[in-house]
Amino acid sequence: MKIVSYNVNGIKARLPRLLEYLGEQAPDVVCLQELKSSDETFPEAEIRAAGYGAVWHGQKAFNGVAVLARGIDPVERQRGLEGETEDDHSRYLEADVDGIVVASIYLPNGNPQPGPKFDYKLRWIERLAARARALLGEERPVVLAGDYNVIPNDDDTYSVPAMQDDALMQPASRAGFRGLVAQGWTDALRTRHPFGGVWTFWDYQAGAWQRDAGFRIDHLLLSPQAADRLADAGVDKAYRGREKASDHAPTWAVLRGQ
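Residues numbered from 1 in each chain as written. Predicted model: local features only at pLDDT ≥ 70, side-chain atom pairs only at ≥ 80, totals over all residues. Heavy atoms only, no water.

**Regarding the overall build of the protein**
Inference 1: Check the secondary structure of the protein and you find eight helices and 14 strands.
Inference 2: Against the compact-globule benchmark of 18 Å for 258 residues, the protein has a radius of gyration of 17 Å, which places it among compact chains.
Inference 3: In terms of principal-axis extent, the alpha carbons of the protein reach across some 45 × 45 × 40 Å.
Inference 4: Once local pairs closer than 6 in sequence are excluded, the contacts in the protein between residues at least 24 apart make up 69%.
Inference 5: Carbon and sulfur atoms make up 50% of the accessible area of the protein, which totals about 10,700 Å².
Inference 6: Taken as two groups, the 30 positive and 37 negative side-chain charges of the protein have centres that lie 3 Å from each other. (Helix = DSSP H or I, 4+ residues; strand = E, 2+ residues; numbered from the N terminus. Rg over C-alpha atoms; globule rule 2.2 N^0.38 Å. Contact = heavy atoms within 4.5 Å. Areas by Shrake-Rupley, 256 points an atom, 1.4 Å probe, with all protein chains shown as cover. Lys, Arg positive; Asp, Glu negative; His and termini not counted. Charge placed at Lys NZ, Arg CZ, Asp CG, Glu CD.)

Right, dumping it as structure tokens:
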């Protein structure tokens, strides 16, 4: 089973690229982030025509997450995280897909820092950690896939000095991510590429793609039951170089069958 995390940076603008990817790679599950689409304008018909069922949690103009499954309809389990009743951002969606629990995550960026946006990011990580702990307690295969907006290690970025003041690489951001992993989750991409140097995001500015000036912020965390089935993990980097592509590349893990 190939499970993909893909921040599409606007599903309407990027729909041709998404359908292209589904047709060429035929992944089993795709967790989308940054839909920038309301629930009503989500392109369900086009995605279903491509052979995928879907559940989604949209928001007009920004945020938004979805879970797609090839040949079947995902069964929604939870949308949003507990802990802040006033939080109306569409950033978390959890579903059952063929015996695996999959969550699509769009963690807050947090810039500028310090400030309220960064404080919200750290609170959101704590709320995610609470949900993740509960999921571990179910003792099932679980994949937490998404754009975490955290660069976990120095070798996960093309330039430490360039990113040192960014919310993505602050000690508190990293500590939150590491605390999450320390619950018992396996960072799939890091496990398969332990020496870093693997990017999932390249900014549109300053020729970042052409210079390969990227960093790793898209992660798939696996529960012990899912990690036992990990066969491979990687980044479909070439899709970042296509015309009118997202600034993220599809990032994936392959789990062996039971």
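**Observations concerning the environment of Val4**
Inference 1: With respect to the helices and strands, the residue Val4 is situated in strand E1 (residues 2-7).
Inference 2: The spacing of Val4 and Ala249 is 245 residues in sequence and 10.0 Å in space, taken between C-alpha atoms.
Inference 3: Once residues within four sequence positions are removed from consideration, Val4 is found in contact with Tyr21, Pro27, Val29, Val30, Cys31, Pro250, Thr251 and Trp252.

**Digging into the pattern of salt bridges**
For side chains bearing opposite charge, pairing can occur when the charged atoms are close.
Inference 1: Summed over the entire model, instances satisfying the criterion amount to 25 salt bridges.
Inference 2: We note a salt bridge from Glu94 to Arg77, for which the minimum N-O separation is 2.9 Å. In this pair, Glu94 sits in strand E6 (residues 92-97) while Arg77 sits in strand E5 (residues 75-79), placing the two residues 17 residues apart along the sequence.
Inference 3: For Glu94, a relative accessible area of 0% corresponds to the buried category.
Inference 4: In this structure, the salt-bridge partner of Asp155 is Arg190, at a minimum N-O distance of 2.8 Å. Of the two residues, Asp155 is situated in the loop between strand E8 (142-147) and helix H4 (160-163) and Arg190 in helix H6 (residues 188-192); the sequence distance between them amounts to 35 residues. (Salt bridge = Lys/Arg side-chain N within 4 Å of Asp/Glu carboxyl O. Buried < 20%, exposed > 50% of the residue type's maximum accessible area, 1.4 Å probe, protein only.)

**Quick notes on helix H1 (residues 11-25)**
Inference 1: Along its 15 residues, H1 runs just 18 Å from first to last C-alpha, ending more than 12% under the 21 Å computed at 1.5 Å per residue.
Inference 2: At Arg17, H1 is bent by approximately 35°, the largest bend along its length.
Inference 3: Listing the buried residues of H1 in full gives Ile11, Arg14, Leu15, Arg17, Leu18, Tyr21 and Leu22.
Inference 4: In this structure, the buried side of H1 is in contact with E1, strand E2 (29-33), helix H2 (44-49), strand E3 (52-57) and strand E4 (65-70).
Inference 5: Two residues or fewer past H1, Ala26 is found with a positive phi of approximately 45°. (Expected span 1.5 Å × (residues − 1). Bend = angle between axes of the 7 residues up to and from the residue.)

**Focus: the packing of aromatic side chains**
Think of a pair of aromatic rings as described by two things: how far the centres are apart, and how the planes are tilted against each other in angle.
Inference 1: Under the defined criterion, the tally for this structure stands at six aromatic pairs.
Inference 2: Taken together, a centroid distance of 5.7 Å and an interplanar angle of 65° make the contact between Tyr6 and Tyr21 edge-to-face. Of this pair, Tyr6 sits in strand E1 while Tyr21 sits in helix H1, and the two are 15 residues apart along the sequence. Per residue, the accessibility class of Tyr6 equals that of Tyr21, and both read buried.
Inference 3: Where Phe201 meets Phe215, the ring centres are 5.0 Å apart and the plane angle is 35°; that geometry is what we call tilted. (Phe/Tyr/Trp six-rings, centres within 6.5 Å; stacked < 30°, edge-to-face > 60°.)

**A short note on the pairing of E2**
Inference 1: Most of E2 sits inside the fold, with five of its five residues counted as buried.
Inference 2: Across the two faces of E2 the burial is the same, with Val29, Cys31 and Gln33 and Val30 and Leu32 all buried.
Inference 3: Both E1 and E2 contribute to a ladder of five bridges, which runs parallel. Within E2, the position partnered with Ser5 by the bridge is Cys31.
Inference 4: With H1 bridging E1 and its parallel neighbour E2, the resulting β-α-β unit is right-handed.
Inference 5: Strand direction decides the pairing type here: E2 and E4, joined by five bridges, are antiparallel. Its bridge partner lying in E4, Val29 is registered against Ala69. (Pairing = 2+ DSSP bridges. Right-handed = clockwise from strand over helix to strand, strands pointing away.)

**Some points on the pairing of strand E14 (residues 251-255)**
Inference 1: Most of E14 sits out of view: four of its five residues are buried.
Inference 2: One ladder, built from four bridges, connects E1 with E14; its direction is antiparallel. Note that in E14 the partner of Val4 across the bridge is Trp252.
Inference 3: One ladder, built from five bridges, connects strand E13 (residues 230-235) with E14; its direction is antiparallel. Within E14, the position partnered with Asp232 by the bridge is Val254.

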